[in-house]
Amino acid sequence: MTFRALFLVVFDGSKDLHEQVPDVMCFPGQHMTPTPAVFLQYWVNSILTYCKVVYAGIPKILFVATHKDKVSRENVDTRREELYSGIEELFKDHEGQHHLVLKPLIFVNAKDQGDPEIEVLKKTITELTFSHPCWGERMPNACVPLELEIAELVAEGKQIMSLVEVEELNAISEVSVLSPEQLTDFLHYQHSLGKIVYFDTPQLRDNVIISPLLMVEVMRSFITDVEFWPKEDKTRKTFKKMSENGMIQKVDLYQIWEQEEFRQILPFKEYIFDMLIHLDIVSEQRRYDTKTGSRLQIENFFVPCMLTQRNETDYLTQECTPERTLSLAFVFKGTIIPPALPNRLICACLSMWTLKQYHGRKLMFSGFIGLSFDKEHDIVVCVEGNKIVLHLVHKRSKGLIIPDIATGVRDCLFVTLERISEFYQSSIHCKASSKLPFHTEYSCSKLKCFISENKMASDTEECICEHGENIKNSWSIWNKKREQNQCDANCPGLSEDALSQIPSDKELLRLSVNCETRMLHDLALHLGMEEMVWHDMEYNYPGNAQLVKFCTLMHLKENDEITFTELDNGLREMEITPHKLCVVRQRKQVKSSIPDDILDCIPSDEIVDRLAPLIGKIVFQLGIELGLSVEELETIKEKCDRDLPAQTKEVLFTWRKDRTVKPTLRVLEQVFVDIGKGARCLKEVVKDVDPNTLKEVEIVTDRIREHENRIIQEIQSTQILDYMMTHLVISVDDRRRIEQHAGQDDQNKALLDIVSKRREPAYSVFVDGLRIYGYEDIAHDLKCDSDEMNQNTTSTSADIAGLSDWNVPLYKVRLQKNYLKVITDIQHDSIVDHLITRDVVSVDDGKKIESGKTPQEKNRNLMDMLLRKNEMSFNEFIKALQKRLSLCRSSRSNRKD
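Residues numbered from 1 in each chain as written. Predicted model: local features only at pLDDT ≥ 70, side-chain atom pairs only at ≥ 80, totals over all residues. Heavy atoms only, no water.

J.: How should the pairing of strand β17 (residues 438-443) be read in this particular structure?
T.: A regular strand places its side chains so that they alternate between the two faces of the sheet. For β17, the buried fraction is high: five of the six residues fall into the buried class. Of the pairings in the sheet, the one linking strand β9 (residues 325-332) to β17 comprises five bridges and is antiparallel in character. Looking at β17, one finds that F330 is bridged to T440. With three bridges connecting them, β17 and strand β18 (residues 450-452) associate as antiparallel partners. Pairing of Y442 across the sheet is with I451, part of β18. (Buried < 20%, exposed > 50% of the residue type's maximum accessible area, 1.4 Å probe, protein only. Helix = DSSP H or I, 4+ residues; strand = E, 2+ residues; numbered from the N terminus. Pairing = 2+ DSSP bridges.)

In structure tokens:
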């Protein structure tokens, strides 16, 4: 917070307030056209957000129009009146109106020093300054010596001092020593004048920036135009990635600061990073555990000002149509939301759901983000002025949107906004306990008019919009009661548009699970299916009534292309309630006791292996709910024959490969509940799992997936395998399995598969191997933040950890740790001869060793054999090396003589 008393908001008075600003792509944090009016509102709200109000009406905000020289002399007064009447209209309902200075109406020509209005501006500034409540107060001079001491240090080049250093500097003053309270007041006052930067918050209070120009250098280091990006490839890639999605990790920013011109930042990198977060220059992907309220680990950070593109895709017009979309808006007081709030909201959304790709483009733009909830539902968050609009889009029809999903998404965003709204509350000077600064409005089916939730308090009264629609129908979908499992008494059933749709496999599964076997049999026959087909189903799936019911409905879909309308008519004709169909829009409630940081992770191979035997006969239902097609499931069934655990494992692996929606344990938990399995088996499997280990698996897997094609196509793996053998992260058997493939591409695929499964330290050793043997760019892209992967890949402990699963004898560990030295340094001829004479290797083995094309290949063949031999063979190898060493020493001695 600052205590500055007066701000000048300067704007081009020759331009219309509501015309788009040329050469400006977007307005920060907003999905709206950048106009002078929008920027004026933005600056007023930002000033009032970040300036603490100590005196009523302070700070003052004075508007100054420029470019008077571009307006003809006879039109200046007319233009002045138009400008200021436009500003008055713009802020007529603004809650900070008493801070605004609208008279005199100042319109200057900045190119003309003799412009009389510049004198008017000076006089106005002086009068406003004199009118400040603090003007004329006597100022203490006890702090002057300390101020001069700090100024001297700045002149010598010092930029940051610890609070302890400031206290020591104060203590040794020969003129006056400030008390602790006076010193704190001094720091706050100097900060308010812009002479230092000091924030009395837990993360920042231990340091003081005594040269504020340092922050200019910090900003310049990573917020810059493309023409000023570093030429060096690795760092340039970081800038390119940041400009595309606005995201950055700590390790990326620290690497930028390693450049020569910014190295003065490095000693204070953690403090500076916390400063950037405090100032909302960088926003955290901050999330909280819904059960404990504790903060979850932060991985990515959002740099909103680097995301400058507006949404120019046709997603809103082609996908967010009234037929497929439900909408609501979180409406804030004021005219424009301070950017801090939507930026943090977007960060939270990114950590909760998967960023959607549309026609090959990621839907992330200034003030706009598109996300995939699942394969049927998309989420769109769009910032427009003082509204954050939420769209929930169904793939086929909004009549098939699952109310539990709509309610869950609404609740999630509401709670997130509630947690971060203190940034907005500061702009209207509410206390933390005051009423929230936003309310919710719900849209009608045409997505044009919104009505406040306050008008929907009654359960019985309708709420009619200007189009004659009852908006409570939409409201009820966004606000489903958690304990409600049946339709409301006034449930209209599926909408006409929903009835016209062909059911998805997942919807047919939900319908089959909720229908009695006899009723579904009668319905199928009523809709034209022959009795023989039903008997065939029972014969094919004996003792599995659930699968018989589902396959019956699938038969009707595939052979007759039935729609929900035909199912609805069939139920009515059989005098069965058509509300049976409403189950396709229902999900069972999950009462989870698994921590959020576990649920948000992708299941590892170990978790899949432990789950597979616990699923039983419902593999088919599991696959359908996870989004696999019937064809995929039939292929898996044939591949795994009657092995149910193997089928389950293959289903889970197939689901996990698809990253359209992040395949998390939370998704799996919901599916287990939906298919009637329950989440207890999952809870048992993950009860002893370390979330950091799961996160580590995810990081490794994601990095490899992102760069898989480059690795497969570009690297020669021989030397990298040597390096990994030496660091004990792969075995001789692993190497043989990799090199049994004829092509380098296939070998690289096998290597990546092992690295993905082994995780750390295999991953970091692999990355180091890439860097050492000429693949620096790939290694840089794969490199993980040390905070994420806190491993020392070259340490003995890591080496032992690499072999811990193999239970390898110590002599083999000693031999393999010297793998690189053996293949590069020894001359194998005499070694092999010795081993043959001692029956360690045969004559045929010797020929195989000699078949290598280079000395290194011959030594690899030798090591491959030795690592499969017993300890006696190892001892003979050591004797051969010692004999060879003795001969070399003797030879050198003879040459000297």
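Continuing now.
J.: Is there a simple way to explain the sheet that holds strand β2 (residues 60-66) in this structure?
T.: Strands pair in a sheet through their backbones, by hydrogen bonds, and they do so in one of two ways: parallel or antiparallel. Across the sheet, three strands lie side by side as β1-β2-β3; this open sheet has parallel pairing. The outermost strands of the open sheet, each flanked by one partner alone, are β1 (6-12) and β3 (100-107). The mean inter-strand angle of the sheet, taken between neighbouring strand axes irrespective of direction, is 25 degrees. Two elements, β1 and β2, share seven bridges in a ladder whose sense is parallel. For F11, the partnering residue across the bridge sits in β2 and is A65. Against the sheet, helix α2 (residues 76-90) touches β1, β2 and β3, its axis set at about 165 degrees to β3. Relative to the sheet, helix α3 (residues 116-130) contacts β1, β2 and β3, its axis offset from that of β3 by approximately 160 degrees. (Axes fitted to C-alpha atoms, helices over the stretch in contact; angles between N-to-C directions. Contact = heavy atoms within 4.5 Å.)

J.: Would you mind showing me how to read the environment of K362 here?
T.: Looking at where K362 falls in the secondary structure, it is placed in strand β12 (residues 361-362). Residue classification places K362 among the partly exposed positions, given a relative accessible area of 45%. Between the C-alpha atoms of K362 and E244, which are 118 residues apart in sequence, the distance is 8.8 Å. Non-local contacts of K362, meaning those with residues more than four positions away in its chain, are made with L355, K356 and Q357.

J.: Just checking my understanding: could you explain the pattern of salt bridges for this structure?
T.: Pairing is possible between side chains that carry opposite charge, provided their charged atoms lie close to one another. One pass over the structure, following the stated rule, counts 48 salt bridges. The salt bridge partner of R771 is D768, with a shortest N-O separation of 3.5 Å. Within this pair, R771 and its partner D768 are both found in helix α33 (residues 762-772), separated by three residues, close to a single helical turn. According to the relative accessible area criterion, R771 is partly exposed, its value standing at 43%. (Salt bridge = Lys/Arg side-chain N within 4 Å of Asp/Glu carboxyl O.)

J.: Before we go on, may I ask you to explain the nonpolar core in this structure?
T.: Most often, soluble globular proteins have nonpolar side chains that are buried together. Within the largest apolar cluster, 63 residues are counted, with the highest numbers of intra-cluster contacts made by F550, L622, L626, L665 and F672. The element contributing the most residues to this core is helix α20 (residues 545-560), with seven residues. When near neighbours in sequence (up to four residues on either side) are disregarded, F550 contacts D505, L508, L509, S512, F620 and I624. By size, the runner-up hydrophobic cluster in this structure holds 49 residues, among which are I720, I778, L782 and Y811. (Core = buried A, V, L, I, M, F, W, Y, C linked by side-chain atoms within 4.5 Å.)

J.: Which parts of the structure should I look at to understand a negative patch on the surface?
T.: A grouping of E232, D233, E714, E776 and D777 is seen on the molecular surface, where their side chains present a negatively charged patch. Mapped onto the secondary structure, E776 falls in helix α34 (residues 776-782). For E776, a relative accessible area of 37% corresponds to the partly exposed category. (Patch = residues over 30% accessible without salt bridge, like charges linked within 9 Å, V, L, I, M, F, W, Y side chains within 5 Å. Areas by Shrake-Rupley, 256 points an atom, 1.4 Å probe, with all protein chains shown as cover. Lys, Arg positive; Asp, Glu negative; His and termini not counted. Charge placed at Lys NZ, Arg CZ, Asp CG, Glu CD.)

J.: I'm lost on the confidence of the model for the chain in this one. Help?
T.: As a general rule, the predicted coordinates of low-pLDDT regions are not to be interpreted in detail. Scored by pLDDT, the chain comes out at a mean of 84, with 89% of its residues at no less than 70. Segment residues 786-802: pLDDT under 50, and 33 contacts once partners within four positions in sequence are set aside and those in other chains are kept. (pLDDT = per-residue confidence, 0-100.)

J.: I tried to follow helix α26 (residues 644-657) on my own but got confused; where do I start?
T.: Along an α-helix, a turn takes 3.6 residues, which lines up residues three or four apart on a common side. Taking 1.5 Å as the rise per residue, α26 with 14 residues should run 20 Å; its terminal C-alpha atoms sit 20 Å apart, in good agreement. Taken as a whole, α26 has its buried residues at Q647, T648, V651, L652, W655 and R656. Across the axial projection of α26, the buried residues extend over an arc of 165 degrees, all falling on one side. Summarising the contacts, the buried residues of α26 are in contact with α23 (605-611), α24 (619-625), α25 (630-640) and α27 (665-674). (Expected span 1.5 Å × (residues − 1). Arc of directions from axis to C-beta.)

J.: Sorry if this is basic, but what is going on with the packing of aromatic side chains here?
T.: What characterises a pair of aromatic rings is the spacing of the ring centres plus the angle enclosed by the ring planes. Counted by the stated rule, this structure contains 14 aromatic pairs. On the basis of an interplanar angle of 35 degrees and a centroid distance of 6.0 Å, the ring pair of Y254 and W257 is categorised as tilted. Where F330 meets F438, the ring centres are 6.0 Å apart and the plane angle is 90 degrees; that geometry is what we call edge-to-face. One end of the pair, F330, is in strand β9; the other, F438, is in strand β17, and 108 residues separate them in sequence. Given the relative accessible area of 0%, F330 is considered buried. A relative accessible area of 7% means that F438 is categorised as buried. Each residue in the set F330, F332, F414 and F438 is aromatic and connected to the rest through ring pairs, giving one cluster. The cationic tip of K472 hangs over the ring face of W475; the distance from NZ or CZ to the ring centre is 5.6 Å. (Phe/Tyr/Trp six-rings, centres within 6.5 Å; stacked < 30°, edge-to-face > 60°. Lys NZ or Arg CZ within 6 Å of the ring centre and 35° of its normal.)

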